[in-house]
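Tertiary structure, described
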Amino acid sequence: QSLPQQKLLTWLSVLECVEVFAEMGTARVWGEMGRWTIIVLIQLAKAILRLLLLLWYKAGIQTSPPIVPLNREQQQPLHPQDMEDSSSGKDQTYVGRRSSRVVRSLQSTPSLQSRHWGSPQQREESQSRRAEEVNQPPTPLGLQETIAESIYITRPLLHLLSLGVWGQRSWKPWLLSAVLDISSLSLLSDLKDLNRRERAELRRRTILLLYYLLRSPFYDRYSEGRILLLLRLLADYVPGVGFVTRPLMDYLPAWQKIYFYNWG
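Per an unreviewed UniProt entry, the protein chain goes by the name Peroxisomal membrane protein PEX16 and belongs to Zapornia atra. Its UniProt record, at the heading Subcellular location (unreviewed entry), says of the protein chain: "Peroxisome membrane". UniProt annotates the protein chain under Sequence similarities (unreviewed entry) with the comment "Belongs to the peroxin-16 family."

See the structure below:
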């Protein structure tokens, strides 16, 4: 990736990390008008960054989070002693004469902090496999797939616009958002030869369709009573589950009021 593309991904990651805090902090300081202003500004900034990545840098299907989290255990660097041994030509492994088991030689044993329990071959294979997954180029998108990804990117802006036109109690913003999400997934379903991260992202988007059961006005009219009844039954009749369901019942009303938890 080029340096400008990395900067765009970094800024996009920062926005996704601070959006809930910005919404709650702005609502506390400037009230409801300030809250909706910061929501529109953040969603607009995210859409612009994503469209630049899609149309200018050909980033393909964009994952969430934009930057893949670092697995420190998988990407732990080689111990200096290991590097010294490999450069000096020392054998790092020993093959048993009878069992043919490959073990690390005592001379190449790293310190306790960087020690792992697999053979050096297994470690090298896992690191190379993960490097291939991270560095695998995005799948090229045709016109149909580019339109589908553009629909997914601009859906939050269209939802906010529909909220401003028809109000928060109307069914039209809920239906418009659902139609856009389903249309985007349907257009992307024909895309073949996706890499692992892109397939995981499409699965994540499909699972997130369940959020429409928890989004107003559907939640207020249909889901709320049934969900609270189910959580109450689980808390009363299933031992140990109440430690999770009772705080969840208390948290749901607050969660419903935060836009980025619900629609972001």
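1. A word on unusual backbone geometry
Put simply, Ser64 and Pro65 share a cis peptide bond, and its omega is 0°. Cis geometry is found at the peptide bond from Ser216 to Pro217, where omega equals 5°. In this structure, Lys58 takes a positive phi of about 55° despite not being glycine. Mapped onto the fold, Lys58 is located in the loop between α1 (3-56) and α2 (80-88). Lys58 gets classed as exposed once you look at its relative accessible area, which sits at 61%.

2. Focus on α1
Side chains that are three or four residues apart share a direction in an α-helix, a result of its 3.6 residues per turn. In this model α1 runs just 14 Å from its N-terminal to its C-terminal C-alpha over 54 residues, more than 12% under the 80 Å that 1.5 Å per residue would give. The axis of α1 is deflected most strongly, by about 145°, at Trp30. Directly beyond the C-terminal end of α1, a positive phi value near 55° is found at Lys58.

3. Observations regarding the side chain of Gln62
Topologically, Gln62 is positioned in the loop between α1 and α2. What makes Gln62 buried here is its relative accessible area of 6%. In this structure the side chain of Gln62 is engaged in a polar contact, spanning 2.8 Å, whose partner is the backbone oxygen of Arg50. When sequence neighbours within four positions are dropped, the list of residues in contact with Gln62 reads Leu12, Arg50, Leu53, Leu54, Glu149, Ile153, Glu201 and Arg205.

4. What about the side chain of Arg155?
Locating Arg155 in the fold gives a position in helix α4 (residues 143-166). For Arg155, the contacting residues outside a window of four places in its chain are Ser177, Leu180, Asp181 and Trp263.

5. Here's the deal with the pattern of salt bridges
Applying the stated criterion across every chain, the model contains nine salt bridges. A salt bridge links Asp236 to Arg246, with the nearest nitrogen and oxygen atoms 3.5 Å apart. Placement of the pair is Asp236 in helix α7 (residues 218-237) and Arg246 in helix α8 (residues 242-257), with a sequence separation of ten residues. Its relative accessible area of 47% is what places Asp236 among the partly exposed residues.

6. Brief notes about the packing of α4 against helix α5 (residues 171-188)
At a closest axis distance of 9 Å, the pairing of α4 and α5 adopts a crossing angle of 175°. As judged from the angle between their axes, α4 and α5 are roughly antiparallel. Between α4 and α5, the residues in contact are Gln144, Glu145, Ala148, Glu149, Ile151, Tyr152, Arg155, Leu158, His159, Ser162, Leu163 and Trp166 and Lys172, Pro173, Leu176, Ser177, Leu180, Asp181, Ser184, Leu187 and Leu188, respectively.

Scoring rules and cut-offs
Residues numbered from 1 in each chain as written. Predicted model: local features only at pLDDT ≥ 70, side-chain atom pairs only at ≥ 80, totals over all residues. Heavy atoms only, no water. UniProt positions renumbered as here; feature names shortened; annotations may be inferred. Helix = DSSP H or I, 4+ residues; strand = E, 2+ residues; numbered from the N terminus. Buried < 20%, exposed > 50% of the residue type's maximum accessible area, 1.4 Å probe, protein only. Expected span 1.5 Å × (residues − 1). Bend = angle between axes of the 7 residues up to and from the residue. Polar contact = N/O pair within 3.5 Å; in protein donor to acceptor, adjacent residues only side chain to side chain. Contact = heavy atoms within 4.5 Å. Salt bridge = Lys/Arg side-chain N within 4 Å of Asp/Glu carboxyl O. Axes fitted to C-alpha atoms, helices over the stretch in contact; angles between N-to-C directions. Parallel < 35°, antiparallel > 145°, perpendicular 65-115°, else oblique.

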